[in-house]
Amino acid sequence: TQLLEQSPQFLSIQEGENLTVYCNSSSVFSSLQWYRQEPGEGPVLLVTVVTGGEVKKLKRLTFQFGDARKDSSLHITAAQPGDTGLYLCAGARDSGGSNYKLTFGKGTLLTVNP
Amino acid sequence: GAGVSQSPSNKVTEKGKDVELRCDPISGHTALYWYRQSLGQGLEFLIYFQGNSAPDKSGLPSDRFSAERTGGSVSTLTIQRTQQEDSAVYLCASTKRGVSGYTFGSGTRLTVV
């Protein structure tokens, strides 16, 4: 069973600070996705990274996929209260060209205080 | 519909009762997934449907759990003889073939008392 370890588990910061959360595994994934989940809602896809070493930027969020495709990081610049939520990473193992049965980490619960 | 719809949003049931959870995926999405999210745990894969193929049931935790998908659209997850450890949020997601990234519903919060 592939395992995705996320760290830190909890993070509480002040508005305007920068932060990085990590997603690590001993297994190789064909792609890795990041989701954000708010209370009472399902996770919402933020980004998919597929190439080792890939960096993607989404406004103040920067996502990186490790060269060996075993780990990923999410960096948030100048965090805002609206960034508060549970950040989940999920790895996919391709089967017949379709990603399915994602393996999820336990998530990082981020609180950004005004 | 515009998104994945799950019902009910909340369900409280007595231990030993059966429950049915419903998922209505996005129109045109051929793949449908059920996951379970328990407090402090990640999302746990339960079952996956893709078109007319046999479903991947490898994540179902016991034979009390079953799921079906009628007409390639709506899916029902059934839990028989519920136990307290079944308490969790049950999430449904759908995708188009070849597209990575799930679209999740808001989930059903199941509480077994």
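Scroll up for the structure.
First, a word on what this report is: a plain description of the structure on this page.

Parameters and conventions
Residues numbered from 1 in each chain as written. Chains lettered and ligands numbered in written order. Predicted model: local features only at pLDDT ≥ 70, side-chain atom pairs only at ≥ 80, totals over all residues. Heavy atoms only, no water. Pairing = 2+ DSSP bridges. Helix = DSSP H or I, 4+ residues; strand = E, 2+ residues; numbered from the N terminus. Axes fitted to C-alpha atoms, helices over the stretch in contact; angles between N-to-C directions. Contact = heavy atoms within 4.5 Å. Buried area = accessible area lost by both parts, 1.4 Å probe. Salt bridge = Lys/Arg side-chain N within 4 Å of Asp/Glu carboxyl O. Polar contact = N/O pair within 3.5 Å; in protein donor to acceptor, adjacent residues only side chain to side chain. Buried < 20%, exposed > 50% of the residue type's maximum accessible area, 1.4 Å probe, protein only. Disulfide = S-S within 2.5 Å. Core = buried A, V, L, I, M, F, W, Y, C linked by side-chain atoms within 4.5 Å.

Describing the sheet that holds strand β7 (residues 75-79) of chain B
Residues and elements named next belong to chain B.
Phase 1: Pairing in this open sheet of four strands is antiparallel, and the strands run β1-β3-β7-β6 from one edge to the other. Looking at the sheet topology across the chains shown, the edges are occupied by β1 (5-7) and β6 (65-69). Ignoring which end each strand starts from, the neighbouring axes of this sheet average 15° apart.
Phase 2: Sheet analysis places β1 next to strand β3 (residues 19-24), joined by three bridges and oriented antiparallel. Within β3, the residue paired with glutamine 6 across the bridge is cysteine 23.

A closer look at the interface of chain B and chain A
Phase 1: Listed by partner, the interface residues are 20 residues for chain B and 20 residues for chain A.
Phase 2: Taking both sides of the interface into account, the surface hidden between chain B and chain A amounts to around 1600 Å²; carbon and sulfur atoms contribute 52%.
Phase 3: The tally of links from chain B across to chain A stands at zero salt bridges.
Phase 4: Taken together, chain B and chain A are joined by six residue pairs in polar contact (both at pLDDT 80 or more).

Considerations on the pattern of salt bridges
Residues and elements named next belong to chain A.
Phase 1: Applying the stated criterion across every chain yields a total of five salt bridges over all chains.
Phase 2: A salt bridge links lysine 56 to glutamate 54; its shortest N-O distance comes to 3.8 Å.
Phase 3: A relative accessible area of 31% means that lysine 56 is categorised as partly exposed.
Phase 4: Since its relative accessible area comes to 17%, glutamate 54 is described here as buried.

Quick word on the state of the cysteines
Phase 1: On inspection of all chains with the given rule, the structure shows two disulfides over all chains.
Phase 2: A sulfur-sulfur separation of 2.0 Å characterises the disulfide bridge that pairs cysteine 23 of chain A with cysteine 89 of chain A. On the sign convention where negative means left-handed, the S-S torsion of about 75° between cysteine 23 of chain A and cysteine 89 of chain A marks this disulfide as right-handed. Of this pair, cysteine 23 of chain A sits in strand β3 (residues 19-24) while cysteine 89 of chain A sits in strand β9 (residues 85-92), and the two are 66 residues apart along the sequence. Considered together, cysteine 23 of chain A and cysteine 89 of chain A belong to a single accessibility category, that of buried residues.
Phase 3: Covalent S-S linkage joins cysteine 23 of chain B and cysteine 92 of chain B, the inter-sulfur distance amounting to 1.9 Å.

Focus: the nonpolar core
Phase 1: Residues Leu19, Leu32, Trp34, Phe63, Leu74, Ile76 and Leu110 of chain A are the most contacted members of the largest nonpolar core, which totals 21 residues.
Phase 2: At the level of elements, β3, β4 (31-37), β5 (44-49), β7 (61-65), β8 (71-76), β9 and β11 (108-113) of chain A are the ones that each hand at least two residues to this core.
Phase 3: Each residue touching leucine 110 of chain A, except ones within four places of it in the same chain, is listed here: Leu11, Ile13, Leu19, Ile76, Asp83, Thr84, Gly85 and Tyr87 of chain A.
Phase 4: Residues Leu21, Ile47, Leu77 and Tyr90 of chain B belong to the second largest nonpolar core, which totals 20 residues.

Examining the environment of valine 49 of chain A
All names here are of chain A.
Phase 1: Position of valine 49 relative to the elements: it lies in strand β5.
Phase 2: In this structure valine 49 comes out as buried when scored by relative accessible area, which is 0%.
Phase 3: On a C-alpha basis, the gap between valine 49 and threonine 77 in space is 19 Å, while along the polypeptide they are 28 residues apart.
Phase 4: In this structure, valine 49 is in contact with Ser31, Leu32, Glu54, Lys56 and Phe65, ignoring residues within four places of it in sequence.

Quick word on the sheet that holds strand β6 (residues 55-58) of chain A
All names here are of chain A.
Phase 1: Spatial strand order, β1-β3-β8-β7-β6: five strands in an open sheet with antiparallel pairing. Only two strands of the sheet have a single partner each, and these edge strands are β1 (5-7) and β6. The average angle at which neighbouring strand axes cross in this sheet is 15°, direction not considered.
Phase 2: Two strands pair when backbone bridges link them, and β1 and β3 are joined in this way by three bridges, in the antiparallel orientation. Residue pairing in the sheet places serine 7 in a bridge with tyrosine 22 of β3.

What is shown is where atoms sit, not what they do.
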